[in-house]
Amino acid sequence: MADSDGSKYKGDFRIFENVDELATGLVDYIAEISEMSVKERGFFSIALSGGSLISFMGKLCEAPYNKTVDWGKWHIFWVDERVVAKNHVDSNYKLAKEVLLSKVPILPSHVYSINDNVSAEEAASEYEFVLRQLVKTRTVNVSESNDCPKFDLILLGMGPDGHIASLFPWHASLDLKDDWVTYITDSPKPPPERITFTLPVINSASNVAVVVSGAAKAVAVKLVIDGYCEESTEVATACRLGRSSRLMDSWCGFWTMRLL
Ligand SMILES: O=C1O[C@H](COP(=O)(O)O)[C@@H](O)[C@H](O)[C@H]1O
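All values derive from a computational prediction rather than experimental measurement.

A.B. asks: Hey, could you run me through the site of the ligand in this one?
C.D. replies: Every one of the 13 residues lining the ligand counts as a neighbour, but Gly 50, Ser 52, Asp 80, Lys 189 and Lys 217 are closest to it. A distance of 2.8 Å separates an oxygen atom of the ligand from a polar side-chain atom of Lys 189. Burial of the ligand by the surrounding chains reaches 91%, relative to a free accessible area of 390 Å². Broken down by class, the residue content of the shell around the ligand amounts to one nonpolar, seven polar and five charged.

A.B. asks: Just to check I follow, could you spell out the packing of aromatic side chains for this structure?
C.D. replies: By convention here, two paired aromatic rings are described through the distance between centres and the angle between planes. Applying the stated rule across the entire model yields 12 aromatic pairs. Taking the centre distance of 6.3 Å and the plane angle of 90° together, the rings of Phe 13 and Trp 251 count as edge-to-face. Taken together, the residues span a long stretch of sequence, with Phe 13 in strand S1 (residues 9-15) and Trp 251 in the loop between helix H8 (236-239) and strand S11 (252-259) at a distance of 238 residues. Considering the side-chain rings of Phe 16 and Phe 254, the 5.8 Å spacing of their centres and the 15° angle between planes classify their relative orientation as stacked. Of this pair, Phe 16 sits in the loop between S1 and helix H1 (19-41) while Phe 254 is found in strand S11, placing the two residues 238 residues apart along the sequence. Exposure class is identical for Phe 16 and Phe 254. Each is buried. An aromatic cluster is defined as three or more aromatic residues linked by ring pairs; in this entry it consists of Phe 77, Tyr 112, Tyr 127, Phe 151 and Phe 197.

A.B. asks: Can you walk me through H1 in this structure?
C.D. replies: What sets the pattern is the α-helix's 3.6 residues per turn: residues three or four places apart point alike. Between the first and last C-alpha of H1 there are 32 Å, a value that for 23 residues agrees with the 33 Å anticipated at 1.5 Å per step. Looking at the residues trailing H1, positive phi occurs at Gly 42, about 85°.

A.B. asks: Is there a simple way to explain the sheet that holds strand S4 (residues 80-82) in this structure?
C.D. replies: Taking strand neighbours across the sheet as the criterion, the three strands line up as S4-S9-S8 in an open arrangement whose pairing is antiparallel. Two strands in the sheet have a free side with no partner beyond their single neighbour: S4 and strand S8 (181-184). Taking the axes of each pair of neighbouring strands and ignoring which way they run, one obtains an average angle of 15° across the sheet. One ladder, built from three bridges, connects S4 with strand S9 (residues 194-197); its direction is antiparallel.

A.B. asks: Before we go on, may I ask you to explain the nonpolar core in this structure?
C.D. replies: Side chains of nonpolar character tend, in soluble globular proteins, to be buried together. In terms of nonpolar packing, the biggest core is built from 82 residues, with Ile 30 and Phe 197 touching the most fellow members. In terms of residues, this core owes the most to one element, H1, which gives nine residues. Excluding anything up to four places from it in sequence, Ile 30 contacts Phe 44, Ile 46, Met 57, Leu 60, Trp 74, Leu 153 and Leu 155.

A.B. asks: Looking at this structure, how should I read the side chain of Thr 182?
C.D. replies: With respect to the helices, strands and loops of the structure, Thr 182 is situated in strand S8. Filtering out sequence-adjacent residues up to four positions away, Thr 182 remains in contact with Ala 124, Ser 173, Leu 176, Arg 194, Ile 195, Thr 196 and Thr 198.

A.B. asks: Any chance you could explain the pairing of strand S10 (residues 207-213) here in plain terms?
C.D. replies: Along any regular strand the residues' side chains alternate between the sheet's two faces. Most of S10 is tucked away: seven of the seven residues are buried. Burial along S10 is two-sided: the residues Asn 207, Ala 209, Val 211 and Ser 213 and Val 208, Val 210 and Val 212 are all buried. Examined bridge by bridge, S10 and S11 share seven bridges and lie antiparallel to one another. Directly across from Val 212, in S11, lies its bridge partner Gly 253.

A.B. asks: Explain the side chain of Lys 217 here, please?
C.D. replies: By secondary structure assignment, the location of Lys 217 is in the loop between S10 and helix H7 (218-229). Buried and without a salt bridge, Lys 217 has Asp 161 as its closest oppositely charged side chain, separated by 8.5 Å. Sequence-distant contacts of Lys 217, that is, excluding residues within four places in its chain, are made with Ser 52, Met 158, Gly 159, Pro 160 and Val 212.

The rules behind these values
- Residues numbered from 1 in each chain as written.
- Predicted model: local features only at pLDDT ≥ 70, side-chain atom pairs only at ≥ 80, totals over all residues.
- Heavy atoms only, no water.
- Near = heavy atom within 4 Å.
- Polar contact = N/O pair within 3.5 Å; in protein donor to acceptor, adjacent residues only side chain to side chain.
- Areas by Shrake-Rupley, 256 points an atom, 1.4 Å probe, with all protein chains shown as cover.
- Nonpolar A, V, L, I, M, F, W, Y, C, P; charged D, E, K, R; others polar.
- Phe/Tyr/Trp six-rings, centres within 6.5 Å; stacked < 30°, edge-to-face > 60°.
- Helix = DSSP H or I, 4+ residues; strand = E, 2+ residues; numbered from the N terminus.
- Buried < 20%, exposed > 50% of the residue type's maximum accessible area, 1.4 Å probe, protein only.
- Expected span 1.5 Å × (residues − 1).
- Pairing = 2+ DSSP bridges.
- Axes fitted to C-alpha atoms, helices over the stretch in contact; angles between N-to-C directions.
- Core = buried A, V, L, I, M, F, W, Y, C linked by side-chain atoms within 4.5 Å.
- Contact = heavy atoms within 4.5 Å.
- Lys, Arg positive; Asp, Glu negative; His and termini not counted.
- Salt bridge = Lys/Arg side-chain N within 4 Å of Asp/Glu carboxyl O.

As structure tokens, then:
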């Protein structure tokens, strides 16, 4: 498997019987990468999406993870965020806070949420500025092949239309090469105003997992799997899917990519 700039990825598909087993598989995977990153770098930088993925992460608040995970070393970011107040029902931050952040000893200063008092454009540019500072101090690692941040782990969900983060099929934001964080004001899924990491940042992470469940997403997952079989393995694949007539009934699992 090779990315467009020649980077190599190793990945696998993990399929589960039900969402409870999916949640266990996911938190085992997260705990393993957290341990490895803390051992190697002294930090664990993780970027979260919103949506159903976050509910699965609730298992991290249970034993043994609540005691074994080195929470003090976690630095938490958002791959994408809706430009709404932090206490708004659509806020990805609010969801993560309720499910995880308020229940484990993560340091508040290690939680990098967006500025919800400014426009989408300003929020994206401020978020990129914050990221640039953290890359300078290597709290977030840097990619060897470009100057992008190299998160230890990026967790993505996927919509039925194949969107990941707030990168929607055929949207111009998919083609951005130099920005790390961008904004959109025309999201096909409400709310319309969002900020999102760009594909170069997502494709530079050490590890990426795309977590998907439900019948509504089966078509999109089938296309991703076909894409993998054809050796087209960028995360971008998921965004460029569109629709297909080849159906699977449902899907419950996640697929991983590890930068070699
Ligand atoms: O709008 C969004 O949707 C996707 C998928 O959400 P899900 O609830 O269908 O799992 C999510 O990954 C993204 O972060 C979010 O902003």
